Amino acid sequence: MSASGGTKAIVAALGANLAIAVAKFVAFLFSGSSSMLAESVHSLADSGNQGLLLLGGKKAQREATPQHPFGYGRERYIYAFLVSIVLFSVGGMFAIYEGYEKIKHPHELEHWYWPVGVLVFAIIAESISFRTAIKESNLLRGKLSWSQFIRRAKAPELPVVLLEDFGALVGLVLALGGVGLALATGDGVWDGIGTLCIGVLLIVIAIVLAAETKSLLLGEAAGTEDVAKIEKAVVDGDTVTGIIHMRTLHLGPEELLVAAKISVRHDDTAAQVAEAIDAAEARIRDSVPIARVIYLEPDIYSAAEAAAGASPEASPGGPAEDAPGH
């Protein structure tokens, strides 16, 4: 994912959520709607989440240090995981609590036009934000379905914004339905039911985000296409005759570690092997620019040892799709 594309989607979502949060809270003060209070807290939590994503992106740009020799690229994953926690606790649990209280102690809505008007405004604003996230995601999604894109994306920002905006739009529809039914029936319990539904929705989205960012935090291999490009770039058919085994690992969304044991001819000199390794590293970086940390270990290929060992395709350096959970 391009960092600029993710930042653009985050900023669009942040601006929309701040404006919506203020409008929803004003509507709550005038109407007393628990759905509006839950939605205002939801938008406020989303605004904080976008702030966390921007902060994570900034911290991830720090230079490597002796204590952190591979840099800080995974900061983006950590802050994305924090987003799921905030969404679960501040958004989901608060909405469930408010919904329960409203069902237990219902009261009629006052100045109904405030929540209805604000919800319509919020749906329009969130739709614009969602459209921006979809547009930026389509630049990277390729032929992947939306669920595949969310599961396989190595950069967390766009999947997070997509899920947040989708959840916000569904939540707004639920809030509008709860307010509408409360007005139509004169029973404030419907407002509480709408609030409960919003809380459940936010918790489900938070769990999905937590599962996906957990996989990124644990460390994921390169995607299938990048693995194939690296394998093709390593072998020159002359000095480097094959790959004995290979491991890849994302140090961050846009930084990849490649470690491989490569087979060389038994009669090559050390100078020839060193030159071949340098050339292979250059070919890898040309083929996969995010492969910035590369370790190639030369060895004499043994068919017997290869038959006794694990298949490279089954190793952690194999295709990312084979990895469980992501």
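Residues numbered from 1 in each chain as written. Predicted model: local features only at pLDDT ≥ 70, side-chain atom pairs only at ≥ 80, totals over all residues. Heavy atoms only, no water.

By the naming in an unreviewed UniProt entry, the protein is Transport protein, taken from Streptomyces albus.

Go over the overall build of the protein, please, and point to the residues and values.
Helix and strand counts for the protein stand at 10 helices and three strands. Along the chain direction, N to C, the helices and strands of the protein fall in the order α-α-α-α-α-α-α-α-β-β-α-β-α. A compact globule built from 326 residues would reach a C-alpha radius of gyration of about 20 Å, whereas the protein, at 25 Å, exceeds it by more than 25%. Along the first, second and third principal axes, the C-alpha set of the protein runs to 90 × 35 × 35 Å. Burial analysis of the protein (326 residues in total) assigns 45% to the buried set. Counted over contacts in the protein with a minimum sequence separation of 6, partners at least 24 positions apart contribute 76%. Accessible surface, the protein: about 15,400 Å² in total, of which carbon and sulfur atoms supply 65%. (Helix = DSSP H or I, 4+ residues; strand = E, 2+ residues; numbered from the N terminus. Rg over C-alpha atoms; globule rule 2.2 N^0.38 Å. Buried < 20%, exposed > 50% of the residue type's maximum accessible area, 1.4 Å probe, protein only. Contact = heavy atoms within 4.5 Å. Areas by Shrake-Rupley, 256 points an atom, 1.4 Å probe, with all protein chains shown as cover.)

Mind laying out the environment of Ala 282, listing which residues take part and the relevant values?
Structurally, Ala 282 can be placed in helix α9 (residues 270-287). Placed 213 residues apart in sequence, Ala 282 and Pro 69 show a C-alpha to C-alpha distance of 21 Å.

With reference to specific residues and values, describe the confidence of the model for the protein.
Confidence in the prediction for the protein averages 83 pLDDT; 90% of positions are at 70 or higher. Below pLDDT 50 for its whole length, residues 1-5 participates in 12 contacts with residues either more than four positions away or in separate chains. Counting contacts from residues 312-326, a segment whose pLDDT is below 50, to residues more than four positions away or on other chains yields 40 contacts. (pLDDT = per-residue confidence, 0-100.)

Outline the environment of Thr 7, supporting the account with residue identities and numerical values.
Structurally, the position occupied by Thr 7 is in helix α1 (residues 3-31). Placed 47 residues apart in sequence, Thr 7 and Leu 54 show a C-alpha to C-alpha distance of 7.2 Å.

Give a detailed account of the nonpolar core, specifying residues and quantitative values.
Ranked by internal contacts, the top residues of the largest apolar core, which has 42 residues, are Leu 53, Val 161 and Leu 209. Among the secondary structure elements, those contributing two or more residues to this core are α1, α2 (34-59), α3 (75-104), α4 (113-141), α5 (146-152), α6 (157-185) and α7 (189-218). Residues within four places of Leu 209 in sequence aside, it is in contact with Val 83, Ser 84, Leu 87, Pro 159, Val 160 and Leu 163. One finds Ala 260, Ile 262, Val 264 and Ala 291 within the second-largest nonpolar core, a separate group that totals 21 residues. (Core = buried A, V, L, I, M, F, W, Y, C linked by side-chain atoms within 4.5 Å.)

I'd like to hear about the pattern of salt bridges, residue by residue, with values.
According to the stated counting rule, one finds seven salt bridges in the structure shown. A salt bridge links Glu 157 to Arg 76, with the nearest nitrogen and oxygen atoms 2.8 Å apart. Taken together, the positions of Glu 157 in helix α6 and Arg 76 in helix α3 put the pair 81 residues apart, joining distant regions of the chain. Both residues of the pair, Glu 157 and Arg 76, belong to the buried class. Here Lys 261 makes a salt bridge to Asp 299, at a shortest N to O gap of 3.6 Å. In this pair, Lys 261 is assigned in strand β2 (residues 255-264) and Asp 299 in strand β3 (residues 291-300), connecting sequence segments 38 residues apart. On the basis of relative accessible area, Asp 299 is assigned to the partly exposed category, the value being 27%. A cluster of three or more residues bridged by salt bridges with shared partners is formed by Arg 76, Glu 157 and Glu 254. (Salt bridge = Lys/Arg side-chain N within 4 Å of Asp/Glu carboxyl O.)

Kindly report on the pairing of β3, identifying the contributing residues and their values.
Look at any regular strand and the pattern is simple: side chains alternate between the two faces of the sheet. When β2 meets β3, the two strands line up parallel, connected through nine bridges. Pairing of Ile 262 across the sheet is with Pro 298, part of β3. With α9 bridging β2 and its parallel neighbour β3, the resulting β-α-β unit is right-handed. (Pairing = 2+ DSSP bridges. Right-handed = clockwise from strand over helix to strand, strands pointing away.)

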